[in-house]
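# Architecture and fold: a report
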Amino acid sequence: VSQTLQELHLGGNCFTGTLPAPLFLFAPWLEQLDLSSSKDCFKCVKKEDCNDDISQPGNLCCEGTRFCFENSMDEECISSDKFGINGRIPVTFSRFEDLTVLNLTGNLLSGPIPSAFGYGQSLPRLQILDLSNNIFTGEIPADLGNIGSEVSGNMAIVLKGNKFNDKSLAPLNLCQNPNFDDSSNETMCPTEREILCDLFESTFGEEWVKNENWDDNYIHPCGNNENNTNRWYGVTCNDMF
């Protein structure tokens, strides 16, 4: 009887290194993947070797305590925020057709979230996506809200604790998901945008003669710059606070 890898739960480890792109090739039927990194990670280093980079290979792990040896003056344990899987999420991760849970929270993943996430039929059965507390930058992919297209109800999407562009919005379809952890964040999901989008759709706004920026996923209706010049056509806002 042949066997296939179905679930991989390694959460709570003190990871380093990068995500292997070939994982999809060897485990295409994976249903749950948990590679969340523990925040209680420490490294033992000799005092004379202490420097800005304490995540060097060869350092000993500290078993959850701040001191390696109770009465030792030669070594000390240093708490580090440099633990975690680094680099980017391989685009191949968007091709898991049976994946229901993808948990990568608490790592050092960087760059933008792959635009392939949510595009077409990617990750159709995903129910939980947790990418929180990494260092992702740029904009949230416009199609991210389309993930889990075969799932009944709204899937949970957790993205807090990253470094996304604070002047751009989250995609509208993502903001309309009550299980998106930032759906109530007025900076990322302004209420007025949803109301105006309803107006745009119900009055066939794509046929308007003047509709500049009304179909842009990332521009705030009031504008994304200090002078509010980059705004939706015809919209003027006042600062209330």
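Scroll up for the structure.
Description of the structure in this document. In this text the structure is predicted, and so the values were computed from the model without any measurement.

### Remarks on the layout of surface pockets
In this model, the second largest pocket occupies a volume close to 200 Å³. Residue lining of the second largest pocket: 13 residues in total, with Leu172, Cys197, Asp215, Asp216 and Asn217 positioned closest to the centre. Among the elements that make up the lining of the second largest pocket, the one with the highest residue count is helix H3 (residues 191-202) (4 residues). Tallied by class, the residues present in the lining of the second largest pocket amount to 7 nonpolar, 2 polar and 4 charged.

### Description of the nonpolar core
Ranked by internal contacts, the top residues of the largest apolar core, which has 36 residues, are Phe117, Leu129, Leu144 and Leu159. At the level of elements, helix H1 (23-26) and helix H2 (172-175) are the ones that each hand at least two residues to this core. Leu196, Cys197, Trp214 and Ile219 belong to the second-largest nonpolar core, a separate cluster that totals 8 residues.

### Quick word on the pairing of strand E8 (residues 108-111)
Where strand E6 (residues 86-87) meets E8, 2 bridges bridge the pair, whose relative direction is parallel. Pairing of Asn86 across the sheet is with Leu108, part of E8.

### Quick look at the state of the cysteines
Disulfide: a covalent bond connecting the sulfur atoms of a pair of cysteines. All chains considered together, the criterion is met by 2 disulfides. In this model, Cys175 is linked to Cys189 through a disulfide, with the two sulfur atoms separated by 2.0 Å. Because the torsion about its S-S bond is -75°, the bridge between Cys175 and Cys189 counts as left-handed. Of this pair, Cys175 sits in helix H2 while Cys189 is found in the loop between H2 and H3, placing the two residues 14 residues apart along the sequence. Taken individually, Cys175 and Cys189 each receive the classification buried, so the pair is uniform in this respect.

### Some remarks on the sheet that holds E6
Ordered in space as E6-E8-E10, the 3 strands form an open sheet in which the pairing is parallel. The open sheet has two free edges, formed respectively by E6 and strand E10 (135-136), since each of these has just one partner strand. Judged from the 2 bridges that link them, E8 and E10 form a sheet pairing that is parallel. Following the sheet pairing, Gly111 is matched in E10 by Phe136.

### Concerning a negative patch on the surface
On the surface, Glu194, Asp198, Glu201, Glu206 and Glu207 cluster together into a patch of negative charge. For Glu194, the position within the fold is in helix H3. Look at Glu194 and you get partly exposed, because its relative accessible area is 34%.

### Observations regarding the side chain of Thr100
Inspection of the secondary structure assignment puts Thr100 in the loop between E6 and strand E7 (101-103). You can call Thr100 buried: its relative accessible area is 16%. Those residues in contact with Thr100, other than ones at most four positions away along the chain, are Glu31, Gln32, Arg125, Leu126, Gln127 and Ile128.

### With respect to empty space enclosed by the protein
One pass over the full model with this rule turns up 1 cavity of 30 Å³ or more. Taken as a whole, the largest cavity spans an internal volume of roughly 30 Å³. Forming the walls of the largest cavity are Gly138, Glu139, Ile140, Phe164, Asn165, Ser168, Leu169, Ala170 and Met188. Partitioning the lining of the largest cavity into residue classes produces 5 nonpolar, 3 polar and 1 charged.

### Description of the sheet that holds strand E2 (residues 32-34)
Sheet strands pair by backbone hydrogen bonding; their relative direction is either parallel or antiparallel. What the 5 strands build is an open sheet, ordered E1-E2-E7-E9-E11; its pairing is parallel. Two strands in the sheet have a free side with no partner beyond their single neighbour: strand E1 (7-9) and strand E11 (156-158). Going from strand to strand, the sheet's axes swing by 10° on average, the running direction of each strand aside. Inspection of the sheet shows E7 paired to strand E9 (residues 128-130) by 3 bridges, in the parallel sense. The residue bridging Leu102 from the neighbouring strand is Leu129, located in E9.

### Some words on unusual backbone geometry
One non-glycine residue, Phe204, lies in positive phi territory at about 55°. At Asn213, a position not held by glycine, the phi torsion is positive, near 75°. Within the element layout of this structure, Asn213 appears in the segment after H3.

Analysis parameters
- Residue positions are given per chain, counted from 1 along the sequence in the order it is written.
- Totals for whole chains, interfaces and linings use every residue, but because this is a predicted model, local features are given only for residues with pLDDT of at least 70 and side-chain atom pairs only at 80 or more, for both listing and counting.
- Hydrogen atoms and water are omitted, and side-chain values are computed over all heavy atoms in the structure.
- Of the grid points, spaced at 1 Å and generated over the protein atoms alone, those admitting a 1.4 Å probe that cannot get out make up cavities, while open sets with protein on both sides within 12 Å along at least five of seven lines make up pockets; any residue with an atom within 4 Å of a point is treated as lining.
- Grid points are joined across faces, edges and corners, and a volume is the space filled by probe spheres set on the points.
- Going along the chain from the N terminus, every DSSP run of H or I of four or more residues is numbered as a helix, and every run of E of two or more is numbered as a strand.
- Polar here means any residue other than Ala, Val, Leu, Ile, Met, Phe, Trp, Tyr, Cys and Pro, which are nonpolar, and Asp, Glu, Lys and Arg, which are charged; Gly is therefore polar.
- In this text, buried Ala, Val, Leu, Ile, Met, Phe, Trp, Tyr and Cys residues form a nonpolar core when linked through side-chain atoms within 4.5 Å.
- Categorising residues by exposure relies on relative accessible area from a 1.4 Å probe, with only protein chains included: less than 20% of the type maximum marks a residue as buried, more than 50% marks it as exposed, and the intermediate range marks it as partly exposed.
- When DSSP locates at least two bridges between a pair of strands, those strands are taken to pair.
- The term disulfide is used for any two cysteine sulfur atoms that are within 2.5 Å.
- A patch consists of residues exposed above 30% relative accessible area that lack any salt bridge, with like charges linked at up to 9 Å and nonpolar side chains (Val, Leu, Ile, Met, Phe, Trp, Tyr) linked at up to 5 Å.
- Surface accessibility in these figures is a Shrake-Rupley result with a 1.4 Å probe; residues are shielded only by whichever protein chains are displayed.
- Salt bridges are defined as contacts in which a side-chain nitrogen from Lys or Arg sits within 4 Å of a carboxyl oxygen from Asp or Glu.
- In this charge count, Lys and Arg are treated as positive and Asp and Glu as negative; neither His nor the chain ends contribute.
- Lysine's charge is taken at NZ, arginine's at CZ, aspartate's at CG and glutamate's at CD.
- When checking whether two residues touch, look at their non-hydrogen atoms; a contact exists if any pair is within 4.5 Å.
- Whenever a helix is involved, its axis is fitted only over the stretch in contact; in every case the axis is a line through C-alpha atoms, and angles between N-to-C directions fall within 0 to 180 degrees.

That is the geometry; function is a separate question.
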